[in-house]
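# Architecture at a glance
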Amino acid sequence: MSGLNALVCFIFLIVFPLLSFADERIKVKMIDFGLYEAKSSGRMVQSYGLYNGYFRPSSSLEQIKETNGIIGSLGTTFGFRYMVTMLPLSNSREANFCGSHPPIINSVTGIASTKDCYKYLLRPGKVQWHTFFFEDQTEIVRGVWRLYIEKDGDILIEKEFDVK
C-alpha cells in the first residue's frame, strides 16, 4: 500500500469516526445558580411535557442571589445558568429540560405530577438558563426541587433547591 493510500485509509477509518464521536460528546458548564429576575420574551411555547401544557421563555435573566434555599412565593424565579462548552459552535442539539419536585396538583385536571419536561435546544457558546417561575399558587410546594437537563438518558447538568 502506498503512503498516500495508507494516509487516506487512516483518515477514513480512524480520524473521521473519532471526529463524529467527539461531535456527540456534549459538555455543560454551570455559570451560576439561585434566584433570578427574569424578563419574559412575551411568547408562550406549548409543551405537552409540562403539567400546565406550556412554558414562557425569558429573553434575559439577572441573578439576584446565589442560594439553594428558595422561599416559595408568586413571581419567584430560581434555577441555574450554564454554557455548552463542547460541540461545533454551529450545531445546536435538542435536549430535555426537566424538573422533579414534590407533587403539584393541576387545578384543572386534579392530577398530581412530580416531574415536568420540555424539549429545548442546547446552543454551544451561548449563556443559557434552566429556571422555574412560580406563576400559580398551586405550583408552590415545599421540598426538594431538582432541575436538570438530559440528552439520550444522560444527565448533562443538574442542581437541587430546597423550596420552603
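Details of the structure are given in the entry above.
These notes cover the structure that comes with them. (Residues numbered from 1 in each chain as written. Predicted model: local features only at pLDDT ≥ 70, side-chain atom pairs only at ≥ 80, totals over all residues. Heavy atoms only, no water.)

### Describing the packing of aromatic side chains
To be explicit about the condition: Two rings from Phe, Tyr or Trp (for Trp, the six-membered ring) form a pair when their centres are within 6.5 Å of each other. A pair whose planes differ by under 30 degrees is stacked, one over 60 is edge-to-face, and the rest are tilted. Each helix is a run of DSSP H or I of at least 4 residues and each strand a run of E of at least 2, with the numbering of both proceeding from the N terminus. Each residue's exposure class comes from its accessible area (1.4 Å probe, protein chains only) as a fraction of the maximum for that residue type: buried when under 20%, exposed when over 50%, partly exposed otherwise. Whether a charge sits over a ring depends on NZ of Lys or CZ of Arg being within 6 Å of the ring centre and within 35 degrees of the ring normal.
Taken as a whole and judged by the stated rule, the model has twelve aromatic pairs. Ring geometry for phenylalanine 97 and tyrosine 120: centres 5.7 Å apart, planes at 85°, overall edge-to-face. Pair noted here: phenylalanine 97 is in strand E7 (residues 93-105) and tyrosine 120 is in strand E8 (residues 112-122), with a separation of 23 residues, a long-range link. Plain terms: the ring middles of tyrosine 118 and tyrosine 120 are 6.2 Å apart, the flat faces sit at 75° to each other, and that makes the pair edge-to-face. For tyrosine 118, a relative accessible area of 11% puts it in the buried group. The rings of Phe78, Phe132, Phe134, Trp145 and Phe161 are connected pair by pair, giving a single aromatic cluster. Positioned above the aromatic ring of tyrosine 148 is the side chain of arginine 146, whose terminal nitrogen or guanidinium carbon lies 4.1 Å from the ring centre.

### Description of the sheet that holds strand E5 (residues 69-70)
What counts, and what does not: Strands were regarded as paired on the criterion that DSSP finds at least two bridges between them.
Taken in spatial order, the five strands of this open sheet run E5-E11-E10-E7-E8, and their pairing is mixed. With partners counted over all chains shown, the strands left at the sheet margins are E5 and E8, one partner each. In this sheet, E8 lies alongside E7 in antiparallel orientation, the contact comprising ten bridges. Counterpart to glutamate 94 in the pairing with E8 is leucine 121.

### Quick look at the state of the cysteines
We apply this condition: Throughout, a disulfide means two cysteine sulfur atoms within 2.5 Å of one another.
For the structure on display, the rule yields one disulfide. The disulfide partner of cysteine 98 is cysteine 117, and the S-S distance across this bridge is 2.1 Å. Judged by the torsion about the S-S bond (110°), the cysteine 98/cysteine 117 disulfide is right-handed. With cysteine 98 in strand E7 and cysteine 117 in strand E8, this residue pair connects regions lying 19 residues apart in the sequence. The same class applies to cysteine 98 and to cysteine 117, which are both buried.

### What about the environment of arginine 93?
On the secondary structure map, arginine 93 appears in strand E7. Residue arginine 93 is classed as buried on the basis of its relative accessible area of 12%. With 29 residues separating them in the primary sequence, arginine 93 and leucine 122 have C-alpha atoms 5.2 Å apart.

### A short note on the pattern of salt bridges
Put simply, the test is: Definition used for salt bridges: Asp or Glu carboxyl oxygen within 4 Å of a side-chain nitrogen of Lys or Arg.
Enumeration according to the criterion identifies three salt bridges in this entry. Its salt-bridge partner being glutamate 158, residue arginine 146 comes within 2.5 Å of it at the nearest N-O pair. Taken together, the positions of arginine 146 in strand E10 (residues 143-151) and glutamate 158 in strand E11 (residues 154-163) put the pair twelve residues apart, joining distant regions of the chain. Between aspartate 152 and lysine 151 there is a salt bridge, and its shortest N-O distance comes to 3.7 Å. A residue is classified by how much of its surface remains accessible, and lysine 151, at 17% relative accessible area, is buried.

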